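What follows is each chain in one-letter form.
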Amino acid sequence: MTRMLIVGPAGSGKGTQSKRISEELGIVAISTGDIFRANIKGETELGKEAKTYVDAGNLVPDSVTNRMVEDRLGWEDAKDGFLLDGYPRNRTQVAALDEMLSRLGVELDVVLELTADREELIQRLKKRAEIEGRKDDADESAIRRRLELFDTETAPMIAEYEERGLLRRVDGLGPIDEVNARIMETLKS
Ligand code: ADP
């Protein structure tokens, strides 16, 4: 049973690797970005609330995001472990997650950070824009904004997990299988 986070900038491969880890460890992968996109597509209330933020590459307000994650972590499939992809992204969300976990009486086992240099990230996002048609990948300013928010909001938050001794860094460069092998090796140790 594993409770973990996967963190890293846009284009670092969080989503791709999450799916693999989820299959290999038998835990549910919960992506806040995927939940927002599904709600935007379905034109739900949540989707209407999130759309302008997601399209511009801004963070959806913490109150909205925190509530959504708290609800999702309460589902049956998250009882015996989970992998959170894309949450938390700032210190406010870390505090909210800490509270949720303490209410559930559980703790995080590991925080996995995927790293890649800026040039590589931008190339990957441009390629993904052609394949998946995500609005925030096709728009240069939304890409820039997401990378900037990673530096100003998410990186300091990752440092907090490093201080807690939970952080494991994995090089996200290279073929998907290779990165996956590195991750599984790191999780074993
Ligand atoms: P990426 O890592 O490429 O930015 P995601 O799918 O993780 O892609 O996130 C897409 C968008 O969803 C973000 O730019 C943001 O608008 C919203 N989002 C996802 N997770 C969060 C979060 N934890 N807090 C606020 N907004 C979020």
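Above this text sits the structure in question.
The text that follows walks through the structure, step by step, so that each part is easy to find.

When you go through the protein chain residue by residue, the secondary structure sums to nine helices and five strands. The N-to-C order of helical and strand elements in the protein chain reads β-α-β-α-α-α-β-α-β-α-α-α-β-α. On C-alpha atoms alone, the protein chain measures out to a radius of gyration of 16 Å, which is about the 16 Å that the 2.2 N^0.38 rule sets for 189 residues. Projecting the C-alpha coordinates of the protein chain onto the three principal axes gives extents of approximately 40 × 40 × 30 Å. The buried share among the 189 residues of the protein chain stands at 47%.

If you check the shell around the ligand, you find 20 residues, and the closest are Lys14, Thr32, Asn58, Arg89 and Arg146. Taking Thr32, its side chain carries an N or O atom lying 2.7 Å from a nitrogen atom of the ligand. Between the ligand and Val60, the relevant distance is 3.0 Å, taken from a nitrogen atom to a main-chain nitrogen or oxygen of the residue. When the ligand is considered free in solution it has 550 Å² of accessible area, and contact with the protein chains removes 97% of it. For the shell around the ligand, the class distribution of residues is seven nonpolar, six polar and seven charged.

Let us look at helix H3 (residues 45–56). Inspection of H3 places Gly47, Ala50, Val54 and Asp55 among the buried residues, and these make up the whole buried set. Axial view of H3: buried residues confined to an arc of 125°, hence all on one face. Exposed residues lying more than 90 degrees from the buried face of H3 are Glu45, Lys48 and Thr52. Where H3 is buried, its residues meet helix H2 (32–41), helix H7 (135–138) and helix H8 (140–163). The positive-phi residue at the C-terminal boundary of H3 is Gly57, with phi of around 80°.

Inspection of the entire model under this criterion finds 26 salt bridges. Note that Glu99 and Arg103 form a salt bridge whose closest N and O atoms lie 3.7 Å from each other. One end of the pair, Glu99, and the other, Arg103, are both in helix H5 (residues 91–104), four residues apart, so they sit about a helical turn from each other. In this structure Glu99 comes out as partly exposed when scored by relative accessible area, which is 48%. For Glu120, the salt bridge identified is with Arg124, shortest N-O distance 2.8 Å. In this pair, Glu120 and Arg124 are both assigned in helix H6 (residues 118–132), four residues apart and thus about one turn of the helix distant.

Turning to the sheet that holds strand S1 (residues 3–7), a few remarks are in order. One open sheet holds the five strands; their spatial order is S2-S3-S1-S4-S5, and the pairing between them is parallel. Whereas interior strands pair on both sides, the edge strands pair on one side only; in this sheet they are strand S2 (28–31) and strand S5 (167–171). Across the sheet, the mean angle from the axis of one strand to that of its neighbour is 20°, orientation sign disregarded. Pairing between strand S4 (residues 110–115) and S5: five bridges, direction parallel.

Note that Ser18 resides in helix H1 (residues 14–25). A relative accessible area of 2% means that Ser18 is categorised as buried. When residues no more than four places from it in sequence are discounted, the contact partners of Ser18 are Ile6, Ala29, Leu83 and Asp85.

Between the first and last C-alpha of helix H9 (residues 176–188) there are 18 Å, a value that for 13 residues agrees with the 18 Å anticipated at 1.5 Å per step. Buried residues of H9: Val179, Asn180, Ile183, Met184 and Thr186, and no others. Taken around the axis of H9, the buried residues stretch over an arc of 160°, which confines them to a single face. H9 presents Asp177 and Lys188 as exposed residues on the side facing more than 90 degrees away from its buried surface. At its buried positions, H9 is contacted by H1, S4 and S5.

Reading the values: the criteria
- Residues take numbers from 1 onward in each chain, read along the sequence in its written order.
- Confidence filtering applies because this is a predicted model: local features only for residues at pLDDT of at least 70, side-chain atom pairs given and counted only at 80 or more, and all residues used for totals across whole chains, interfaces and linings.
- Computation of side-chain values covers all heavy atoms of the structure but excludes hydrogens and water.
- Runs of E in the DSSP output that reach at least two residues are strands. Runs of H or I that reach at least four are helices, and both are numbered from the N terminus.
- We compute the radius of gyration over the C-alpha atoms and compare it with the globule rule, which gives 2.2 Å times the number of residues raised to the power 0.38.
- Each residue is placed in one exposure class: buried if its accessible area under a 1.4 Å probe, protein chains only, is under 20% of its type's maximum, exposed if it is over 50%, and partly exposed if it falls in between.
- Here a residue is considered near a molecule or strand provided that any single heavy atom belonging to it is located within 4 Å of it.
- Identification of polar contacts relies on pairs of N or O atoms within 3.5 Å, with a donor-acceptor requirement for protein atoms, meaning one able to donate a hydrogen and the other able to accept it, and with residues adjacent in sequence counted only if both atoms are side-chain atoms.
- The accessible surface values rely on the Shrake-Rupley method and a 1.4 Å probe; as for residues, cover is taken only from the protein chains in view.
- Gly falls in the polar group here, along with every residue not listed as nonpolar (Ala, Val, Leu, Ile, Met, Phe, Trp, Tyr, Cys, Pro) or charged (Asp, Glu, Lys, Arg).
- Of all possible arcs, the one meant is that of the directions from the helix axis to the C-beta atoms.
- When checking whether two residues touch, look at their non-hydrogen atoms; a contact exists if any pair is within 4.5 Å.
- We define a salt bridge as a contact between a side-chain nitrogen of Lys or Arg and a carboxyl oxygen of Asp or Glu at a distance within 4 Å.
- One requirement defines pairing of two strands: DSSP has to find at least two bridges between them.
- Angles shown run from 0 to 180 degrees and are taken between the N-to-C directions of axes, each axis being a line fitted to C-alpha atoms and, for helices, limited to the stretch in contact.
- One fewer than the residue count of a helix, multiplied by 1.5 Å, yields its expected span.

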